[in-house]
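If you want the building blocks of each chain, they are given just below.
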Amino acid sequence: MTTYDRLIKALGAQGKIVRDSGTEARTSCPSCDSRNPTSLAIYRKNGKAKIVCYVSCEDTDVLDVLDLDWRDLYDERSASEPLDRPVKKHSPPKSPVERALARLLAMPDLGERLCRCIAARGGDHD
Ligand SMILES: [Zn+2]
């Protein structure tokens, strides 16, 4: 279902009579409760929808009334899907050097180990 269709369905669920031309839908705005049957327009546009209330509302006001949020203005995403998906983890290091480095960096006492190593070599002067 596209976001455009989803918005029209949500408006219908609010008891609104929506006149849908396929790319533009008009109804009375559920947010300001305008009686004008064309006060609210929904425009279909490249995978998203634009909501315009010609009375006074912001698109977010209209979304609130429809129990939707701004993510619902985009196709293929519903409010139930999290927007910030977990970042894909890096693949484990492959070469022996990368593995050794990863182990080294994972050590909680890395700083202390490095200091001891430098001290054992007699510091940084030659
Ligand atoms: Zn309005």
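Our subject is the structure listed above.
Described in the following lines is the structure provided in the data block. (Residues numbered from 1 in each chain as written. Predicted model: local features only at pLDDT ≥ 70, side-chain atom pairs only at ≥ 80, totals over all residues.)

### What to know about the nonpolar core
And step 1. Judged by nonpolar contacts, the single largest core of 15 residues is most densely connected at Y4, L7, I8, I42, A49, I51 and V62.
And step 2. Every element with two or more residues in this core is listed here: α1 (3–13), β3 (40–45), β4 (48–53) and α2 (59–65).
And step 3. The element contributing the most residues to this core is α1, with four residues.
And step 4. Once you skip the residues sitting within four places of it in the chain, I42 turns out to touch Y4, L7, I8, A25, A49 and I51. (Core = buried A, V, L, I, M, F, W, Y, C linked by C-beta atoms within 7 Å. Buried ≥ 20, exposed ≤ 12 C-beta atoms within 10 Å, placed from the backbone. Helix = DSSP H or I, 4+ residues; strand = E, 2+ residues; numbered from the N terminus. Contact = placed C-beta atoms within 7 Å.)

### Examining unusual backbone geometry
And step 1. Its identity is not glycine, yet N46 carries a phi of approximately 30°, on the positive side.
And step 2. One can find N46 in the loop between β3 and β4.
And step 3. The residue D67 is not glycine, and still its phi comes out positive at about 60°.
And step 4. Here D67 is to be found in the loop between α2 and α3 (96–106).

### Observations regarding α1
And step 1. Of all the residues in α1, the buried ones are T3, Y4, L7, I8 and L11. Looking down the long axis of α1, one finds its buried residues gathered within 140° of arc, a one-sided arrangement. Those residues of α1 that are exposed and angled more than 90 degrees off the buried face are K9 and A13.
And step 2. Where α1 is buried, its residues meet β1 (19–20), β2 (24–27), β3 and β4.
And step 3. Phi turns positive one or two residues past the end of α1, at G15, with a value near 85°. (Arc of directions from axis to C-beta.)

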